[in-house]
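# A look at the structure
Chain by chain, the residues:
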Amino acid sequence: MMKKILSMLLCIAMMATLGMAAASEDQPVRVGLCIAETLGDKGFYDSANEGLQRLVSDYGVVGSVVECKSDASAYTDALASSAEGNDIVVAVGWQFWDALVEVVPQMPETKFIFIDNDMGDVPENMLCITYKENQGSFLAGYIAMKLSQTGVVGVIGGEDSATINNFVVGYQQGALYANPEGTVLAPVYTNTYEDPAKGKEAALSLYDQNADVVFAVAGKTGLGVFEAGAEKGAYAIGVDSDQKGENPDVVVCSMMKCVGDSIYTVIANYINDGVFEGGTTWDADISTGLIAIGYGTEDMPQQVSDDLKAEVETLKDKIISGEIVVESTR
């Protein structure tokens, strides 16, 4: 993983065409992290915060976090107040779109990083980072179907949106690539990322339809899927971070969207080289290492065999080469 991150740093440096002066040593860079919901999801938002905390530890960055708790009325104020006191503001979640459109032009001296969406016509003081989660989800679907004893797998989504469905279509394609005769149940959308009880209820409905592996794509809500899996003696797949540690006997792997690594890479590059690629979108695909499959640590039960892991690496190479084109909703 470290080799991949170093490679990413080199690639960004080579691609950069315009540098901006970073803060001096006696004026540490100040970074405000605005998240649409709350910490504690063990995935998307916690990953972003982990990246910030590493920057604090490694570079002396002064970091702050604002949790908007799914309150749409808080997004604009959170961004504006963070922009007033920080050099860089990181908006984590597509929910900030409208607020960014309003705030970014009014704060030209502040740099913004928008995680998980593309603004299209990106302002010069903003960098968007999107992810090809569909590619990693293809691998997750392949693993799910290969491990399934029933030939039936499922997926839980936090909402019916283009981003969540990008996970879903990749997962479906990968599962049917593994077994064209298998069944991928229709996704169940919980319409919340904050309620593990609803995640458990949704997962139980899929396990009751004979699914024996369920992919949790629902933030904190997805933690309830692991509870359901334990109750049913079935398997689950985590998302965004390596979540196997939540229940090593249930979580066979995780589809990792390494938000923290991407935030760390961009800001470390700015601190080291004065480079910030404003006005652009970085679409992080599986070749960057920011989209990956995590299997936990070696001391945890490994339901995915070494042979299956090798198959997954072969499929990854085929995706990178273009031999396999993964479907997408965005």
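Nothing here was measured: the structure is a model prediction, and the numbers come from that model.

Broken down by element type, the protein carries 10 helices and 13 strands. Relative to the globule expectation of 20 Å for 330 residues, the C-alpha radius of gyration of the protein, 20 Å, shows essentially globular dimensions. Its C-alpha atoms put the protein at 60 × 40 × 35 Å along the principal axes. Per-residue burial for the protein yields a buried fraction of 56% across its 330 residues. If you take every contact in the protein between residues at least 6 apart in sequence, the share linking residues at least 24 apart comes to 70%. Of the roughly 13600 Å² of accessible surface on the protein, 49% is carried by carbon and sulfur atoms. Of the side-chain charges in the protein, 19 are positive and 48 negative, and the distance between the mean point of each set is 5 Å.

Moving on to the sheet that holds strand 4 (residues 111-115). Taken together, six strands build an open sheet; the order of strands is 2-1-3-4-5-12 and the sheet is parallel. Single-partner strands in this sheet number two, and they are strand 2 (62-67) and strand 12 (280-284). Strand-to-strand, the axes of this sheet are offset by a mean angle of 15 degrees, without reference to chain direction. Sheet topology note: the strand 1 (residues 30-35)/strand 2 ladder contains six bridges and is parallel.

All right, on to the nonpolar core then. In this structure, V90, F96, L100 and I115 are the most contacted members of the largest nonpolar core, which totals 90 residues. The biggest single contributor to this core is helix 5 (residues 133-147), with eight residues. Ignoring any residue separated from it by four or fewer positions in sequence, one finds L100 in contact with L79, A91, P105, F112, F114, M119 and M126.

What follows covers the pattern of salt bridges. Counting across every chain of the model gives 12 salt bridges. Linking D116 and K257 is a salt bridge whose minimum nitrogen-to-oxygen distance equals 2.9 Å. Within this pair, whereas D116 is found in the loop between strand 4 and strand 5 (126-131), its partner K257 is found in strand 11 (residues 251-257), the two being separated by 141 residues in sequence. In this structure K257 comes out as buried when scored by relative accessible area, which is 1%.

Okay, the pairing of strand 11 next. Most of strand 11 is tucked away, with seven of its seven residues classed as buried. Summarising the sheet, strand 10 (residues 235-240) and strand 11 pair through five bridges and their orientation is parallel. Directly across from D240, in strand 11, lies its bridge partner M256. In this structure, strand 11 lies alongside strand 13 (residues 291-294), joined through four bridges in antiparallel fashion. Counterpart to K257 in the pairing with strand 13 is I291.

Another point: the side chain of S254. Here S254 lies in strand 11. Look at S254 and you get buried, because its relative accessible area is 0%. At a separation of 2.9 Å, a polar atom in the side chain of S254 contacts the main-chain amide nitrogen of Q243. Leave out the neighbours within four places in its chain, and S254 touches I237, G238, V239, S241, D242, Q243, K244, A292, I293 and G294.

Looking now at helix 3 (residues 75-85). Among all positions of helix 3, only Y75, A78, L79, A80, S82 and A83 are buried. Residues of helix 3 that are buried in the fold lie against strand 1, strand 2, strand 3 (88-92), helix 4 (97-103) and strand 4.

Moving on, we come to the packing of helix 7 (residues 196-207) against helix 8 (residues 223-232). For the pair helix 7 and helix 8, interaxial distance at closest approach is 7 Å and the crossing angle is 45 degrees. Judged by the inter-axis angle, helix 7 sits oblique to helix 8. Remark: the crossing between helix 7 and helix 8 carries right-handed chirality. Contacts between helix 7 and helix 8 involve P196, G199, K200, A203, L204 and Y207 from the first element and G224, V225, E227, A228, G229, E231 and K232 from the second. Of the residues belonging to the contact of helix 7 with helix 8, the class tally is six nonpolar, three polar and four charged.

Rules behind the numbers
- Residues numbered from 1 in each chain as written.
- Predicted model: local features only at pLDDT ≥ 70, side-chain atom pairs only at ≥ 80, totals over all residues.
- Heavy atoms only, no water.
- Helix = DSSP H or I, 4+ residues; strand = E, 2+ residues; numbered from the N terminus.
- Rg over C-alpha atoms; globule rule 2.2 N^0.38 Å.
- Buried < 20%, exposed > 50% of the residue type's maximum accessible area, 1.4 Å probe, protein only.
- Contact = heavy atoms within 4.5 Å.
- Areas by Shrake-Rupley, 256 points an atom, 1.4 Å probe, with all protein chains shown as cover.
- Lys, Arg positive; Asp, Glu negative; His and termini not counted.
- Charge placed at Lys NZ, Arg CZ, Asp CG, Glu CD.
- Pairing = 2+ DSSP bridges.
- Axes fitted to C-alpha atoms, helices over the stretch in contact; angles between N-to-C directions.
- Core = buried A, V, L, I, M, F, W, Y, C linked by side-chain atoms within 4.5 Å.
- Salt bridge = Lys/Arg side-chain N within 4 Å of Asp/Glu carboxyl O.
- Polar contact = N/O pair within 3.5 Å; in protein donor to acceptor, adjacent residues only side chain to side chain.
- Parallel < 35°, antiparallel > 145°, perpendicular 65-115°, else oblique.
- Left-handed = near helix turned anticlockwise from the far one by under 90°.
- Nonpolar A, V, L, I, M, F, W, Y, C, P; charged D, E, K, R; others polar.

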